[in-house]
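Residue-level structure breakdown
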Amino acid sequence: MNTMRTARRGAPPAPSAPPSRSLISVVKDLLGQTSGLTFVALVVMIIYFSLMEPGKFNTTSNFDLLAQNVSILIVLSVGATFVIATSGIDLSIPAAVVLGEVFATKALGWFTVGEGTAVDVTESETKFSYIAVALLAALAAGLIIGTVNGLVVAYMRVPPLLATLGTLGSGLGAANLMQDGSNTATSALAPVTSGEAVPGISNIVLIAIIVVALGWVAVRYSVFGRHTLAIGSNEEAARRVGIKVERHLVKVYVLAGLASAFGGFLSVSFFGTTSLAGHMTDNMQAITAVALGGTSVFGGVATMLGTLIGACIPSLLKNGFVIMGVGAYWQDVAIGFVLVLTVWFDQMRRKARTKH
Amino acid sequence: MNRAEVPALAAYGLEKKYGQVRALRGASFEAFAGQVTALVGDNGAGKSTLIKCLAGVIQPDFGQIMVDGRPVSMSDPVHATKHGIETVYQDLALASDLDAAANVFLGREIRRMRVLHDHKEMRRRTAASFSDLGVGLVQDMRVPVSSFSGGQRQSVAIARAAMWAKHVIIMDEPTAALGVIQTEKVLQLIQKVRSRGLAVVLISHNLPQVIDVADRIEVMRLGARVARFRRGEVDVERLIAAVSGAFSNEADVPNGEVTA
């Protein structure tokens, strides 16, 4: 044992480690962060659908379509991962998304262009300044929703479920009031998500990848991420070592609000319109993605790569079922079961660990 | 070196009320560098309240806390930490989903590029510190502490406190939940910390253990100090007498009416 300890004191024992081993350990490390089962499920699904529907499912265009479809969900889920890691929950995602959309289009309305405003410009007429201001406006919406969530949860001690249920209702109501119940169409933001800044990857997919990468670094390597996990694991312990738990919780909810509102911005860009009624289940989808991925709903454990996989599984399943001609609603049935199983496994694992 | 005469950590005339309950009634306490000071008393005697005041978790209504003879105010645990006082709580206060190094450095992470943590370095220093203290962790340093045994978790908590404490280390019932061998290990750890010149405050219900380990013993009853003993001055019987109120060697034991 003594040798073990001394070995760990210095640099890691380098000798006799062939280069391939480090690659394996990297892969192992990556897998270790996700619920292994979820990753295996994803691979099995891809192989199964590819074998069942060759030339239909496993085509570049289908995968590209799939990726585009889940990109916005991935952005929302990255934010939700942090909230869930604190053992909290954010039901207000649809409100932040929709308010993000509304704020973005309202901001476009500030610019007078010819007879109308920047809302009416075509994709080729739009300017960087329009897009930048719309983005800032969208993020402001997220900041508002996130700050309210954070303050209510951290300082007023209202359980997150109800605090965010409240902002969900109020936020959606406010968005409808601002829009008078009707949607605004615009092409001004289209350049953000259309096109391929990196050849072969749609911009919207690229953005989602960047957001996941940032979230991954934040969870694994940042002090912020570590404190988030510590709070989710043992709030009192975090407080006693001097972590400002309340302030940190506000930051986490703000981060989630910003991610959601950014998702709204992407949504207007991608679909060319606000969608007041189109995001009602975004919160459930994001929570499902996070939980499927292996982030513990009891807090303390988070995996960003798991969230990425968890976000892809329902869409992939639905897509595969549609191509195979199985009723698409079977996807909902299947995901419901799998979700409960995943959380149950997590629960069992925790019980087994705390026995001794 | 008259440092031994000035208490490393002291409290005088602490008062604390919870509603109608007077948890502390002019409680005093002294702990000296390089010594193990045991704090004993029956349940409800006010030990935990006193310790929480000393650790900055709660604030006394009246009274003075002194570090090295200087009056200090402890408005939160961070203040205690700044004065070099570390506490090992009975519930250990570990984030069980994080590994040993993450727990040891929690809230005091070694940073890279301001926002990132340097986990490799933290792990290295943790391993070095554990080996200095003779804490052998059977499990890998990478696993969450929730997979450790009770004794190992206790070791992590004590090693963390020992690593950061510059002055005083307070341990609340560190052996209460442990088996014979693990208890022995923790007691060795306490001796090691003491020999580094730290003041160790040990709260325990195990009177034979206290007599065995402590250089000084302070007895609390009904929210105040009722007796003080040096090593060798007391046996279990007399200690029980002090705890139960049948014996006191304190000049002015407050009868509940004394205020600060």
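Criteria and cut-off values
Each residue is numbered by its place in its chain's sequence as written, counting from 1. Chains and ligands are labelled sequentially in the order written, the chains with letters from A and the ligands with numbers from 1. Given that the model is predicted, a residue must reach a pLDDT of at least 70 before its local features are reported, and side-chain atom pairs must reach 80 or more before they are shown or counted; all residues, however, enter totals for whole chains, interfaces and linings. At least two bridges found by DSSP between two strands is the condition for calling them paired. Runs of H or I in DSSP of at least four residues are treated as helices and runs of E of at least two as strands, each being numbered from the N terminus. Helix axes are fitted only over the stretch in contact, all axes being lines through C-alpha atoms; the angle between N-to-C directions runs from 0 to 180 degrees. Two residues qualify as being in contact provided that their C-beta atoms, derived from the backbone, are within 7 Å of each other. By definition, a nonpolar core groups buried Ala, Val, Leu, Ile, Met, Phe, Trp, Tyr and Cys residues that connect through C-beta atoms lying within 7 Å of each other. As a rule, residues whose C-beta atom has 12 or fewer other C-beta atoms within 10 Å are exposed, those with 20 or more are buried, and those in between are partly exposed; C-beta atoms are placed from the backbone. Note on residue categories: nonpolar means Ala, Val, Leu, Ile, Met, Phe, Trp, Tyr, Cys or Pro, charged means Asp, Glu, Lys or Arg, and polar means any other residue, Gly included.

**Some words on the sheet that holds strand β10 (residues 199–203) of chain B**
Residue and element names in this part refer to chain B. Strands sit in the order β6-β9-β10-β3-β11-β12 across an open sheet of six strands; the sheet is mixed. Unpaired on one side and paired on the other, β6 (85–88) and β12 (224–230) mark the two borders of the sheet. Each adjacent strand pair in this sheet contributes to an overall mean axis angle of 20 degrees, direction not counted. Most of the contacts of helix α1 (residues 47–54) go to strand β9 (residues 168–172), to which it runs at about 150 degrees, and overall it touches β3 (36–40), β6, β9, β10 and β11 (216–221). Here helix α8 (residues 236–244) sits on the sheet in contact with β3, β11 and β12, set at roughly 35 degrees to β11.

**Considering the nonpolar core**
In terms of nonpolar packing, the biggest core is built from 181 residues, with Ala134(A), Ala138(A) and Val168(B) touching the most fellow members. Broken down by element, the residue count for this core peaks at 15 residues, all from helix α12 (residues 245–271) of chain A. Setting aside residues up to four positions removed in sequence, Val168(B) forms contacts with Ala8(B), Leu9(B), Ala31(B), Gly84(B), Ile85(B), Leu198(B), Ala199(B) and Val201(B).

**Re the pairing of strand β4 (residues 62–67) of chain B**
Looking down a regular strand, the side chains alternate between one sheet face and the other. All names here are of chain B. Looking at chain direction, strand β1 (residues 9–18) and β4 are connected through five bridges and run antiparallel. Opposite Leu-9, over in β4, you have Val-67 as the bridge partner. Pairing of β4 with strand β5 (residues 70–72), which is carried by three bridges, proceeds in the antiparallel orientation. Note that in β5 the partner of Ile-65 across the bridge is Val-72. Taking the residues between adjacent antiparallel strands as the criterion, β4 and β5 are bridged by two residues, where Asp-68 takes a positive phi near 55 degrees.

**Here's the deal with unusual backbone geometry**
Negative phi characterises most residues that are not glycine, and trans characterises most peptide bonds. All names here are of chain B. In this model, Arg-114 sits at a positive phi of 70 degrees, which is unusual for a non-glycine residue. Even without glycine at this site, Glu-173 takes up a positive phi of about 50 degrees. Mapping Glu-173 onto the fold places it in the loop between β9 and α6 (180–195).

**Brief notes about the interface of chain B and chain A**
At the junction of the two partners, chain B supplies 26 residues and chain A supplies 25 residues. Those elements that place two or more of their residues in the side of chain B that touches chain A are α2 (77–82), β8 (116–117) and α4 (119–133) of chain B. Ranked by residue count, the leading element in the side of chain B that touches chain A is α4(B), at four residues. For the side of chain B that touches chain A, the residue count by class is 13 nonpolar, nine polar and four charged.

**Things to note about the sheet that holds strand β2 (residues 21–31) of chain B**
Residue and element names in this part refer to chain B. With antiparallel pairing, the four strands of this open sheet are ordered in space as β2-β1-β4-β5. Of all the strands in the sheet, the pair left with one neighbour each is β2 and β5. Ignoring strand direction, the axes of neighbouring strands in this sheet form an average angle of 30 degrees. Against the sheet, α1 engages β1, β2 and β4, with an angle of about 120 degrees to β1.

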